Amino acid sequence: MFRTTKVCSALMVAFGGSLAMTAAPVFAQDANPPVQQLERVEITGSAIKRIDAETAVPVTILKVEDVKKQGITTVEQLMTMLGSNQQSQGATASVGLQTGGASFANLRGLGQNKTLVLLNGRRIANNAIDSSAPDLNMIPFAALDRVEVLRDGASALYGTDAIGGVINFITKRDYSGGTITLGYDQPEHVGGKQTNANFGFGFGDLSKDRFNVFGFVDYKKQSVLTASQRPDLLARSVKTSPTSAPGQYNQSGAVQNPSFPTCGAPNGIPLGDGVTDATCGYLYARAVDLIPQTETLTAYTKATFQLGDNHQAGLEYFISKNSVLTTISGVPYGALWINPGTRYFPGNGITPLPSVFALDPTYLPAGAPTGAQAGGVALRWRDTASGGRQQLDDNLQQRLVGSLEGTLGGWDYKAGIAFNSNLDHGYLPSGYTDGDLITAGILNGTLNPFGPQDATGAAFLASAQAKGNLYNTRGDVKSIDAQASREIGDWFKAGRAAAIAVGGEFRRETFFYQANADFAAQVVSSTGFSPDTDNKGSRNVAAIYTELNVPIIKELDITAALRYDRYSDFGNTTNPKLSFRYQPVQPLLVRGSYSTGFRAPSLYDLYAPRVFTNTPDNLNDPVRCPGGNPIAGASRSDNCQVQFESQIGGSPNLRPEKSKNWTLGFVVEPSSSLNFGVDFWWITLTQQIGAPLDTDIFTGYAGQYAGSIHRAPDGSLSTDGSQCPGPNCGYIDQFQTNLGGVKTAGVDLSANYKMRLESVGNFNFNFNGTYVYKFQYQTADGGPYFNNLGVYGGGVALSAAQGGPVFRWQHTLAANWTRGDYGLGLVNHYKSGYTDQDPSNTVASYMTWDLYGSWQATKGLQLTAGVRNLADRQPPLSNQSATFQVGYDPRFTDPSGRTFFLRGTYNF
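Report follows, based on the coordinates. (Residues numbered from 1 in each chain as written. Predicted model: local features only at pLDDT ≥ 70, side-chain atom pairs only at ≥ 80, totals over all residues. Heavy atoms only, no water.)

The subject of this paragraph is the packing of aromatic side chains. This structure, assessed with the given rule, holds 25 aromatic pairs. The structure contains a cluster of three or more aromatic residues connected by ring pairs, namely Tyr175, Phe214, Phe216 and Tyr300. One cation-aromatic arrangement involves Lys831 over Phe807; the distance from NZ or CZ to the ring centre is 4.9 Å. (Phe/Tyr/Trp six-rings, centres within 6.5 Å; stacked < 30°, edge-to-face > 60°. Lys NZ or Arg CZ within 6 Å of the ring centre and 35° of its normal.)

Written out as structure tokens, the structure is:
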């Protein structure tokens, strides 16, 4: 599963011990080793090409061909195998949120925007929706050879974003022949199946023909998994919305729902006392997708030309298209009005009016819609008749790179020019309606908010359907880079030459996010997305860097690196790194490093559109519902334990995030069959960028957010998008700001053991895990630090919405047996438990087992079959409210259950 490259196999210690189970010995050497001509290679974390690939930083290498045998077909699945990755967002997080269906890595739990993702050592465009990081779905999985994960800060070489670490996806260098793979995944329970296929071709031999051209095409389709298809999880969906179906009306705070106490079961439940308060709650999570429907098509091609003996020119292009279709519950309308005398007005014969509910003929609050008449009633109604709200994101990623590399005058050099682009189109294909028409249909009595529609109402509702393109967003990165390295002599007579690398980079970044204004105006009341959204930004980035490796004595190397970056929009930054590698005796390696890092505010952080959404948490209005008790004239359903309107967006006054990183590691190889490693790490982060917590805003934390609450003219706060934006909109603003600091520390553990029994076969055992013993964060600059370790917290970009835990312990344990044409494997994945968002619940640990087997049926045909989640483990119970799926946390667990998979690969 974890493996060194053939060049690196002689020195596993250079990579932190988290490498292949089949790796060659690190320290043990033959007495008379054969003479080999080894090429120089560059490993992620160093710009110096070396023959032995020794470095002082911890790097994990995953061989893609090995992990494919476990049924892994996506980069998102691949990332779950890393203990250092606190996975926080996948395609499931796009349900109900504008993420474009993106999946991100999250090393050290610092947030996806502090993990640098590279493809063949170069940046790709970030996801255009939020510009935080590249979407892992867009990586050309079928063309990958390996993944190198640097578990250390690296701004001194790579610049911004490399605070938590670097993940470098490396494609095949060349390929000849052809290959076809077909695969099918089927959960034991209904829903959520997956099909995939890829093929590749290649021709030309660099040594003989002086060229090689190859390409891979990969297709995947994930079918939807709905809440109704997992009844056990559905039963946990107890979170309610005050906007129900059938609707409920009120005057001066007294709420009545004509369907009380049945409340439109099974998705409605009674909440009030049934007399003056006949409130119903709507179980919105029962109408959402657990896993959305996704379809991904990726193509990658590369041409390499040998120019003489010492130079190669390359041209590579990849294009990825990812389509994600999500469904959530019907549109909630929370600021409607029923005029007196209309057909469905309470007491008119169709809608009952309880005797205890006395109507005020003069009632007309300031927040009533245009056309409202005195004596009417306010209405909350969910339009379930139009079906679930669907959003389709078509995300297109492209990259074109021209490169030149080789040896010139004793220098190993490489240079390239790259064009990267990510484009996302957001569509609303079904379930949304024109808010102005709905408001009018309720005012004039055409629509029935308390029961089924008659023919006239059904026709009117059909005419109010709104389908179309909502927004378009794009991010482009154009870059030129060059670097060179060479040996410069054995300065201290240590038996090894010192080496130096120098390099530079220039990038042009552009961004836009635009609404389709005409269509957005139709659905603003049901989406909160402003029709005026038209945000643009651009900047230039120039950088130079150098790295110097000096052997001081035979046992000790010192490496220093320094990078200077200049940004056209906020200034410059200089970041150093100093590391050492010490091997006092053959079986022991000691290494460590210190570095500073930074993350520049992304163009999205600076210029993101300011849009309305609901707060993640259910809150009490501190003025109208102090201590959970509504004041006179304020209804409980509008002011207590509800999600209020929030305006989110960018801020042009952000400062860059800064960090300090320390590592100290030990790697031991007592024999050629066994090695293990221990790597300690410490990170402090300041000026972290994020949105302030809604809870901090409502408590007026330290007076810092006193100006963030904006009330409607009647003093209320809105609870859905039907009033926002507009003159009667009450909301809180949660714009991006520099929140404060983060302090985290932990240790990575790894072990590899191999055993060869002539009569039985070959056994390989591999373990990698991460134990975090500190994670504290601030939610406001200068405020106290809060614990997020093993506790559901907030304030750090840990999720697609807000809040989440940092797992104290994560690991992957794998065992593999091979003999001849046959192989078997067993993999264990584990995440520790934590205290939930509501601390009355403790989320249990989550452990799954995967079993797989392979058979080399013929020279060209290999078959693989297996079972993921062998014990059919359900996600543990969670009361989190950050996602639309509730009852568990979809950011860290999989609701699919036991899943069978089959793969067939034919090489020719």
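Moving on from the model shown.
Evaluated as defined, the whole model comprises two disulfides. Put simply, Cys263 and Cys280 are joined by a disulfide, and their sulfur atoms are 2.1 Å apart. The chirality of the disulfide connecting Cys263 with Cys280 is left-handed, given an S-S dihedral of about -70°. Separated by 17 residues along the polypeptide, Cys263 in the loop between strand S11 (254-256) and strand S12 (268-270) and Cys280 in strand S13 (residues 280-282) bring together distant segments of the chain. The pair Cys263 / Cys280 is uniform in exposure class, with both members buried. Note that Cys625 is cross-linked by a disulfide to Cys640, the S-S spacing being 1.9 Å. Negative torsions about the S-S bond denote left-handed disulfides, and the value of about 115° found for Cys625 with Cys640 makes this one right-handed. Linking Cys625 in the loop between strand S27 (611-614) and helix H9 (636-639) with Cys640 in the loop between H9 and strand S28 (645-649), this pair joins segments that are 15 residues apart in sequence. Judged by its relative accessible area of 1%, Cys625 is buried. Note on Cys640: relative accessible area 6%, which makes it buried. (Disulfide = S-S within 2.5 Å. Helix = DSSP H or I, 4+ residues; strand = E, 2+ residues; numbered from the N terminus. Buried < 20%, exposed > 50% of the residue type's maximum accessible area, 1.4 Å probe, protein only.)

Two elements, strand S34 (residues 761-777) and strand S36 (residues 809-819), share ten bridges in a ladder whose sense is antiparallel. Directly across from Asn764, in S36, lies its bridge partner Asn816. Once S36 ends, the chain turns through two residues before running back antiparallel as strand S37 (residues 822-831), passing Gly820 with a positive phi of about 60°. (Pairing = 2+ DSSP bridges.)

Glancing now at helix H6 (residues 455-463). When H6 is considered as a whole, its buried residues turn out to be Gly457, Phe460 and Leu461. Here the buried residues of H6 occupy an arc of 100° about the axis, which is enough to place them on one side. Against the buried residues of H6 lie strand S18 (377-383) and helix H5 (435-443). The opening residue of H6 is Asp454, an N-cap whose side-chain oxygen sits 3.2 Å from the backbone nitrogen of Thr456. (Arc of directions from axis to C-beta. Contact = heavy atoms within 4.5 Å. Polar contact = N/O pair within 3.5 Å; in protein donor to acceptor, adjacent residues only side chain to side chain.)

The next point concerns the side chain of Glu505. Mapped onto the fold, Glu505 is located in strand S22 (residues 498-515). Looking at Glu505, the relative accessible area reads 16%, which means it is buried. Only 3.2 Å separates the side chain of Glu505 from the side chain of Arg507, close enough to count as a polar contact. Within the structure, Glu505 has its side chain in polar contact with the side chain of Arg563 (distance 2.8 Å). Apart from residues lying up to four places away in sequence, Glu505 is in contact with Arg123, Ile480, Asp481, Val541, Ala542, Ala543 and Arg563.

With that out of the way, let us pick up the environment of Ala299. By the element assignment, Ala299 lies in strand S15 (residues 293-307). Sequence separation of Ala299 and Asn448 is 149 residues, and the distance between their C-alpha atoms is 51 Å. Residues within four places of Ala299 in sequence aside, it is in contact with Phe216, Val217, Tyr317, Phe318 and Ile319.

Excluding glycine, residues mostly have negative phi values, and the peptide bonds linking residues are mostly trans. Residue Ala245 is joined to Pro246 through a cis peptide bond whose omega torsion reads 0°. Along the chain, Pro246 turns up in the loop between helix H4 (231-234) and strand S10 (248-251). Of the consecutive residues Phe260 and Pro261, the connecting peptide bond is found in the cis state with omega at 10°. Within the secondary structure layout, Pro261 lies in the loop between S11 and S12. In this structure, Arg108 takes a positive phi of about 70° despite not being glycine. Within the secondary structure layout, Arg108 lies in the loop between helix H2 (75-79) and strand S2 (115-119). Residue class for Arg108 comes out buried when judged on its relative accessible area of 5%. Even without a glycine there, the phi angle at Asp161 is positive, about 80°. Its location among the elements puts Asp161 in the loop between helix H3 (155-158) and strand S5 (165-171).

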